[in-house]
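Structural overview
Read off the chains here:
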Amino acid sequence: MIILGGNKQLEQLVTLQKLDDEVKELQETLALIPGQVEKSRQELETKKARLNRLNTEIEDLKKKRGQCEQDVKSENDHMLKAQQKLPSVKTNKEYSALLAEIDAIKEKISSIEDRELGIMEALDQKEAEIPEAKQEFEGHQKEFDEYKARKDAEAARVQGELDAANKKREDMAATLDPKLVSDYWKIFSRRDQVAVVAMKDGICQGCFQLIRPQVAIEVKSSDKLLHNCHSCHRFLYCEAEPAEDAESAVPK
Ligand SMILES: [Zn+2]
């Protein structure tokens, strides 16, 4: 980039601003990475939770099935005892009562068996869902591991670039007049990390205020003086446009 006026200090300020822009961008990129990894990890947790939920449901159903089996067994024992009493019964009334008790036990067993059947159907359904849920989780686990490795590598690379950019900006700042650096910092910290801006068509590109015509001319031509926007106080420079160069190169 060529700056009109050829002001050396201004060129250095523009370079410093560009380095700060680079540092800011790298910091922003770096700051995004943990959230990106976390988002992917949460997706993985969702898949894992589905699989865990299915397994818990299956365990629960198996316990219920086991309980049904036990209940049937105990009712069968109960019925056997009742049946064994039959030959020793003395009266018709007692006999009828015992038969009624046996019938009631049979009904109870039948109802337990119905419940067990329902549980087994539900169990089959849940077990059938396992392979897909497992595959989905394992597939995502693999994707996540790869994504995380990629993001870790990216973070390391960006951190390296950031360190290099920081070093470059420190070296650059060290070559400048300390008073100038201090002014730059004041504006930089108060004006959204932008201390040096271009002036285009006489307008400050930082705050979009019209620069006074005399100042605008000096920004374009002065090789010694620095100018600041009267409104946002940022340092102003004017970039030479390639078209303008070509035109001025043509003799009129
Ligand atoms: Zn301004």
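Residues numbered from 1 in each chain as written. Predicted model: local features only at pLDDT ≥ 70, side-chain atom pairs only at ≥ 80, totals over all residues. Heavy atoms only, no water.

With respect to the coordination of the zinc ion
This is how the line gets drawn: Any nitrogen, oxygen or sulfur atom within 2.8 Å of a metal ion counts as a donor, with the limit raised to 3.2 Å for Na, K and Ca, and since water is left out, coordination shells can look unfinished. Working rule for geometry: tetrahedral if four donors all subtend angles between 85 and 135 degrees; square planar for four, octahedral for six, if opposite donors exceed 155 degrees and the others stay between 65 and 115; irregular in every other situation. Working definition: with a 1.4 Å probe on protein chains only, accessible area under 20% of the residue-type maximum means buried, over 50% means exposed, and in between means partly exposed.
Of the protein atoms, only Cys204 (SG), Cys207 (SG), Cys229 (SG) and Cys232 (SG) coordinate the zinc ion, at distances of 2.3 Å. Relative to the metal, the four donor atoms surrounding the zinc ion lie at angles of 102 to 114°, and the coordination shape comes out tetrahedral. Along the chain, the residues donating to the zinc ion are arranged with the sequence spacing C-x2-C-x21-C-x2-C. By relative accessible area, Cys204 is classed as buried at 0%.

Regarding the pairing of strand 1 (residues 196-200)
Under the convention used in this document: Runs of E in the DSSP output that reach at least two residues are strands. Runs of H or I that reach at least four are helices, and both are numbered from the N terminus. Pairing between strands requires that DSSP locate at least two bridges from one strand to the other.
Of all five residues that make up strand 1, four are buried, and the element is covered over most of its length. Inspection of the sheet shows strand 1 paired to strand 3 (residues 235-237) by three bridges, in the parallel sense. When the bridges of strand 3 are listed, Ala198 appears paired with Tyr237. Pairing geometry for strand 1 and strand 2 (residues 203-204), over two bridges, is antiparallel. Looking at strand 2, one finds that Lys200 is bridged to Ile203.

Digging into helix 4 (residues 213-221)
To be explicit about the condition: Note that the arc is computed from the directions linking the helix axis to the C-beta atoms. Contacts between residues were defined by any pair of non-hydrogen atoms, one from each residue, lying within 4.5 Å.
Every buried residue of helix 4 is listed here: Val215, Ala216 and Val219. For helix 4, the angular spread of buried residues about the axis comes to 100°, placing them on one side. Every exposed residue of helix 4 that faces more than 90 degrees away from the buried side is listed here: Pro213 and Ile217. Tucked into the core, helix 4 has its buried residues touching strand 1 and strand 3.

Brief notes about the domain arrangement of the protein
Defined as follows: Bear in mind that the domain bounds are from an automatic or database domain assignment.
According to the domain assignment, the protein consists of domain 1 (25-174) and domain 2 (177-249). The C-alpha centroid of domain 2 is placed 65 Å from the C-alpha centroid of domain 1.

A short note on the nonpolar core
Test applied: Buried Ala, Val, Leu, Ile, Met, Phe, Trp, Tyr and Cys residues that are joined via side-chain atoms within 4.5 Å together make up what is termed a nonpolar core.
With 23 residues, the main nonpolar core has Leu51, Met79, Ile102, Ile109 and Ile130 as its most contacted residues. For this core, the elements supplying multiple residues, two or more each, are helix 1 (8-85) and helix 2 (92-174). Those residues in contact with Ile102, other than ones at most four positions away along the chain, are Met79, Ala82, Gln83 and Leu86.

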